[in-house]
Structure formats: structure tokens, C-alpha cells
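# Inside the fold
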Amino acid sequence: MKEVEKYIELRDEFSSSLEKAAVEAEKTCWNFYTNSTEENAKLYEMAQDEYSKLFQNRDLYEKFLQIDKEKLPKHESKQLKDLLKEFDEELNTGEALKELRKRENEIAKKFNSYIPKIDGKEVTKTEITKILQTETNPEIRRKAYEARIKGGELIAEDMIEFVKLRNKYAEIKGYPSYFEYKLQETYDVEPEFLDKLIATVYTKASPKIKSIQNKKYSELKEFFGLGKLEAFHYGLLPDTNPEKAVNQILADKNVEEISKKTYAGMGYDIDKMLKSGMLTLDLYPRKGKNTHGFCFGVEIGKDSRILANLTNNVISLDTLNHELGHCVYDLGISTNLPFLDRQPSSPAVTEAIAMMMGDIMKRENILSDIVEPDILKRFKASLSEDEAMFVSRSLLIIDFEREFYKNPTHNPNELWHNMKIKYLNRDEAVDAEWATIPHYLSHPAYYQNYFRAALMKVQIYNHLKSVLGNITENKNTAEYMRKNIFSLGASVEEYELINRLTGKEFSADDFVKSL
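Notes on the structure follow. (Residues numbered from 1 in each chain as written. Predicted model: local features only at pLDDT ≥ 70, side-chain atom pairs only at ≥ 80, totals over all residues. Heavy atoms only, no water.)

## So, the overall build of the protein
- The helix and strand tally for the protein stands at 21 helices and 5 strands.
- For 515 residues, the compact-globule estimate of 2.2 N^0.38 gives 24 Å, and the protein sits close to it at 23 Å.
- With respect to the three principal axes, the spread of C-alpha positions in the protein is 75 × 50 × 45 Å.
- Classification of the 515 residues of the protein by burial places 56% in the buried group.
- Put simply, the protein shows about 22,900 Å² of open surface, and 49% of that area lies on carbon and sulfur atoms.
- In the protein, the 75 positive side-chain charges and the 86 negative ones have mean positions that sit 3 Å from each other. (Helix = DSSP H or I, 4+ residues; strand = E, 2+ residues; numbered from the N terminus. Rg over C-alpha atoms; globule rule 2.2 N^0.38 Å. Buried < 20%, exposed > 50% of the residue type's maximum accessible area, 1.4 Å probe, protein only. Areas by Shrake-Rupley, 256 points an atom, 1.4 Å probe, with all protein chains shown as cover. Lys, Arg positive; Asp, Glu negative; His and termini not counted. Charge placed at Lys NZ, Arg CZ, Asp CG, Glu CD.)

## Focus on the nonpolar core
- Among the nonpolar cores identified, the biggest contains 133 residues, and Tyr 268, Met 356, Leu 367, Trp 434, Ile 460 and Ile 471 are the most heavily contacted of them.
- Ranked by the residues each element gives to this core, the list is headed by helix H18 (residues 447-468), at 12 residues.
- Not counting the four nearest positions on each side in its chain, Met 356 is found in contact with Lys 457, Ile 460, Tyr 461, Leu 464, Ile 471 and Met 481.
- By size, the runner-up hydrophobic cluster in this structure holds 17 residues, among which are Leu 60, Phe 64, Leu 91 and Leu 340. (Core = buried A, V, L, I, M, F, W, Y, C linked by side-chain atoms within 4.5 Å. Contact = heavy atoms within 4.5 Å.)

## Observations concerning the side chain of Asn 105
- For Asn 105, the position within the fold is in helix H4 (residues 74-112).
- In contact with Asn 105, not counting residues within four places along its chain, are Phe 32, Tyr 44, Glu 45 and Gln 48.

## Notes on helix H3 (residues 58-65)
- All buried positions along H3 are accounted for by Leu 60, Tyr 61 and Phe 64. The buried residues of H3 occupy an angular sector of 105° when projected down its axis, which confines them to one face.
- Of the surrounding secondary structure, the elements contacted by the buried residues of H3 are helix H1 (3-34) and H4.
- At the N-terminal boundary of H3, the capping side chain belongs to Asn 57, with an oxygen 3.1 Å from the backbone nitrogen of Asp 59. (Arc of directions from axis to C-beta. Polar contact = N/O pair within 3.5 Å; in protein donor to acceptor, adjacent residues only side chain to side chain.)

## What about the pattern of salt bridges?
- Applying the stated criterion across every chain yields a total of 50 salt bridges.
- The partner of Glu 479 in a salt bridge is Arg 482, and the shortest N-O contact between them spans 2.8 Å. Here the residue Glu 479 and the residue Arg 482 both occupy positions in helix H19 (residues 477-484), the gap between them amounting to 3 residues, near one helical turn.
- For Arg 482, a relative accessible area of 34% gives the class partly exposed.
- If you follow the salt bridges from partner to partner, you end up with Arg 148, Lys 420, Arg 426, Glu 428 and Glu 433 in one network. (Salt bridge = Lys/Arg side-chain N within 4 Å of Asp/Glu carboxyl O.)

## Details of the packing of H1 against H3
- Two elements in contact, H1 and H3, have axes whose closest approach is 10 Å; the angle formed by their N-to-C orientations is 155°. Taken together, H1 and H3 sit at an angle that is classed as roughly antiparallel. Viewed along their axes, H1 and H3 form a crossing whose handedness is left-handed. Facing H1, whose interface residues are Tyr 7, Leu 10, Arg 11 and Phe 14, H3 presents Leu 60, Lys 63 and Phe 64.
- Its residues assigned to classes, the contact of H1 with H3 comprises 5 nonpolar, no polar and 2 charged. (Axes fitted to C-alpha atoms, helices over the stretch in contact; angles between N-to-C directions. Parallel < 35°, antiparallel > 145°, perpendicular 65-115°, else oblique. Left-handed = near helix turned anticlockwise from the far one by under 90°. Nonpolar A, V, L, I, M, F, W, Y, C, P; charged D, E, K, R; others polar.)

## Some thoughts on the packing of aromatic side chains
- Applying the stated criterion across every chain, the model contains 35 aromatic pairs.
- Ring geometry for Phe 400 versus Trp 416: centroids 5.2 Å apart, planes at 90°, classification edge-to-face. Within this pair, whereas Phe 400 is found in helix H15 (residues 383-406), its partner Trp 416 is found in helix H16 (residues 412-424), the two being separated by 16 residues in sequence. Of the two residues, Phe 400 and Trp 416, both sit in the buried class.
- Three or more aromatic residues joined by ring pairs make a cluster, and in this case those are Tyr 169, Tyr 175, Tyr 178, Tyr 181, Phe 400, Phe 404, Tyr 405, Trp 416, Trp 434 and Tyr 440.
- Residue placement shows Arg 363 over the ring face of Tyr 461; its charged tip is 5.1 Å from the ring centre.
- Positioned over the ring face of Tyr 234 is Arg 426, at 3.6 Å from the centre of the ring. (Phe/Tyr/Trp six-rings, centres within 6.5 Å; stacked < 30°, edge-to-face > 60°. Lys NZ or Arg CZ within 6 Å of the ring centre and 35° of its normal.)

## Quick notes on the side chain of Asn 474
- Tracing the backbone shows Asn 474 in the loop between H18 and H19.
- Separated by 3.1 Å, the side chain of Asn 474 and the backbone oxygen of Leu 468 make a polar contact.
- Sequence-distant contacts of Asn 474, defined by excluding residues within four places in its chain, comprise Gly 265, Met 266 and Leu 468.

## A short note on the environment of Tyr 405
- Topologically, Tyr 405 is positioned in helix H15.
- When its relative accessible area of 2% is taken as the criterion, Tyr 405 is described as buried.
- Measuring from C-alpha to C-alpha, the distance between Tyr 405 and Lys 125 comes to 28 Å, with 280 residues separating the pair along the chain.
- Sequence-distant contacts of Tyr 405, that is, excluding residues within four places in its chain, are made with Val 163, Arg 166, Asn 167, Ser 177, Tyr 178, Phe 179, Tyr 440 and Pro 444.

## Notes on the environment of Phe 379
- Looking at where Phe 379 falls in the secondary structure, it is placed in helix H14 (residues 373-381).
- Taking C-alpha positions, Phe 379 is 9.5 Å from Lys 244, a pair spaced 135 residues apart along the chain.
- Other than its neighbours up to four places away in sequence, Phe 379 contacts Pro 242, Glu 243, Val 246, Val 314, Met 361, Lys 362 and Leu 367.

## A few points about the sheet that holds strand E3 (residues 279-282)
- Judged by pairing direction, the sheet is mixed, and its 3 strands sit side by side in the order E3-E5-E4 without closing on themselves. Only two strands of the sheet have a single neighbouring strand rather than two, namely E3 and strand E4 (294-299). The mean inter-strand angle of the sheet, taken between neighbouring strand axes irrespective of direction, is 15°.
- Where E3 meets strand E5 (residues 303-307), 4 bridges bridge the pair, whose relative direction is parallel. (Pairing = 2+ DSSP bridges.)

## Comments concerning the pairing of E4
- Inspection of the sheet shows E4 paired to E5 by 4 bridges, in the antiparallel sense. Counted as the bridge partner of Glu 299 is Asp 303 from E5.
- Hairpin connection, E4 to E5: the antiparallel pair is bridged by 3 residues, and Gly 301 has positive phi, about 85°.

All we've got here are geometric facts, nothing functional implied.
Okay, structure coming up:
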């Protein structure tokens, strides 16, 4: 029997058990994030443990070790490398991993259970967001901002100790920090490559970024009559910002219906997907539910779910379109693929699709029947500003996390403060805002995927538009994306997929030109 045949037979035999455990873990994760009770936390932890036990089979590990990676095709060789890594982690550092998972769930429960209050009255995250976008009274804004930040303060010390714990684990694996460990072992991104990509984009985009920042900050200073702004002043949409006008229009609409209509224009029947059970939506705020937005690919090709906390505004429409982008990707992956290939090509590629769909309201005409032409024109023109600001925000989040893991004994509040001065040109009171960013807890080193996705999405969209025209006005879009992107799953590596699809190697060129 050839080496590749031996590997595939062993892989597929193992995958039957792995698939069952993975589905159960994702279901219990969904239950925990949508209802953060002690019982659901325990069930989630138990499901994670059951998944991990599959990689604690030393006999099976030895069988995989006996396969010569050098005699396998490139894709299967990488698969084997990833499998061996998971076996090695569980067999040699399993207890440490279990402790990391347990601690993460404890901190998540603490954060998810926090209910913000303003003057003793409970408020939701979406209500706080609305206050910071629309409220002109500085005192009310301050209270709303502080209510949001208290969630971060609640877990800040826990996060510091957790970062130290994660770093100890990374040291065992031969890495200087957990950030670098996750970056290379989980996301297959070399630090040097990421540094070069960041430097290229930031160098080319920094003049526009600084110009936009100065303009926005000057407007806020003039509005509030101040020479210096504090954190709670930012986020207000002045009357000149077209997003404010669009928010006023959306307030009387239903973003869920707008999103369904958007996807219908591409050839998707969201209501049919809901009725079939392929898609589940939990879209509105309530107690005990995670306050952010996520897509859960419970069973690839069969069961995808969205957790969100929507209201009728631009941010919520962006969120729902974004998360549905993840869902249609997951549901479009061929179930005929080997289990290990039944996932997106990479986290960055699925984020690129999702971010492209989040942007679609500013790229195409999905709001043309409810927003006046002049407002819509200005609203769509603001996309380049959004992209420029996204670069600076991404650099802040990525660089902070990298430095935090390098030196967790340094005060992270001060580090965040200094990074905001560097990347956002904002010098304000020191606080624990960093701890409110969910990715630091649940998805360490993940944010660089958003950054790379921001570049990929423009290259992908430009290609789709050249073939299909406006993608939300062509019902062939769904089938084209399924055939050329989604159905392939992880059988094609991310940069090869971009090259195959667009006819060009992945680069920042299309993104930089769009600014």
C-alpha cells in the first residue's frame, strides 16, 4: 500500500469519531454563548474534554508517526503535521491545555454575565452603542462609556494572569510567547510575513489615515467646544456624517428583512434555510447571552448558526450581513470532502467573504429603495474612510496583543493607552478598554486574520464584480461562489485559492488602490 493510501485510510477512520465530537463541542459552545449558565459551562467543558480525549490515544499517534510525510502530497503532508501537533499537545501537555480551557470558560462566564448599568438602570451593549453614536450630552456619554468599560475592568486582572498562564504553555512548546505560538501553529502565519504586510499597508495608507483622523477629531472638538477629547467623546456621528442619516432611516425598518433581501439578490433563500434547520438565528439581546456577534459552524454543510445582538442601524446590518457571509460559506462547503477539509480554506478567507458582505451596503445598491440618492452617494463614498480607519484600529489591536504577550508584567492599561496614541493619535485617560475586546480571550492572535482579510476581500470582490457585475443583483452569485470558493473547503490553501480565483497572487495592491 502506498504511503498516501495508508495515511488516507487511517485519517478517515479517525475522522468518523472526530466529526461526532467536533459537532457536539460546537453545539455545547453555542448553548453556552447563548445562555451562559453554570450547567451550560460544564457541558461545554465536558464536550471539549471528549474531543480532546480522541487525541490522547498514544497507539493511534504512533501509527500516524510511522507515516512518512515526505512521501505525501503537499496538502496531505500539512494535514498530517496538524494532526500530529494536536496529538502531541494532548499527550504531552494535555493537563495544561485542559487548565487553559477551563480558565478561559471561567473568565468568559464572568464577562458574559456582566450587565451594564447607567444610573442603576440595566442597559444592553446595543443601547450603549446607540448612546455613543447619537447622544450629545457629555455626562450621559461618559456614563455609557464607563458602563461598557466596567465589563473589561471585571476581567482585566484575570486576563493578565491568563496571559501569563498561556505563555507558560507556549514556552513548553518552544515559543517565546503564546501569541507567536498561535500565530504559527494555528494560523500558519510567519511573524516576518505579517510584519512586512502590516508595514507595507500602513506606510502607504498612513497619510490618508492621519488626514481622516485629524478631520474627524477636529469636528468633535468643535462640536463639544473642547481642546482635548476623552474616550467617551469619540463615536458620535455628527449631522454631516451620512451614517447618521442612514441610521435614522433604518430605525423604522427591519435590518433582518433587508439582509434577507440582499442575500436573495445573490440567489440565497434565507427563509428556506431557516425552515430546513440548516440555519439558526439568535439575533437580539437578552440576559446571560454573549454580547457580541458570532457564526457557529456546528456541522459544516448542514448546520450553521448566528448569535448577534441587533438593533435597526448600520452596525447591525453590517453585523448580520457579515455573519451570514460566514454561514453561506460554511453551508456551501461540500460534504463529500474528507472531514478535515470540511472547513473554510483559512480563517482569513472566511473573514474576507464575511467582511465583503458587511461592506456590501456601501459597495452596491441594497439601500437604494429606502435611502435618498444624495445621502446614499455620500454614504457609499465613506467606505474608503472606513477602510483607512480599519487599518489603524487593526494595528492597534494586533500590536497591543503581541506586546502584551511579550511582557505581561507591564501594565496593559498603560500599554493600550500608548498604543492608542501611536495608531489612533488619541491621548486620553488610561483605562481597561482592551479587556472588552472578545478576541483576546476566545481567539488569541486571531485579529491578524481580519487584517489579511481586509486585503483579500477587495481582491475577491473586484474579481466577482468583473465576472458578475453587482453581486447582489445577480442570482448566479451564490452558485459562482459555491463552485469556485466554498465547495472546495480547505482542500485548496488560502493563497492558492486567491490565485486560482482572481488570476493574481495575493497582495495589498487592490486594497491600497481602493483608499
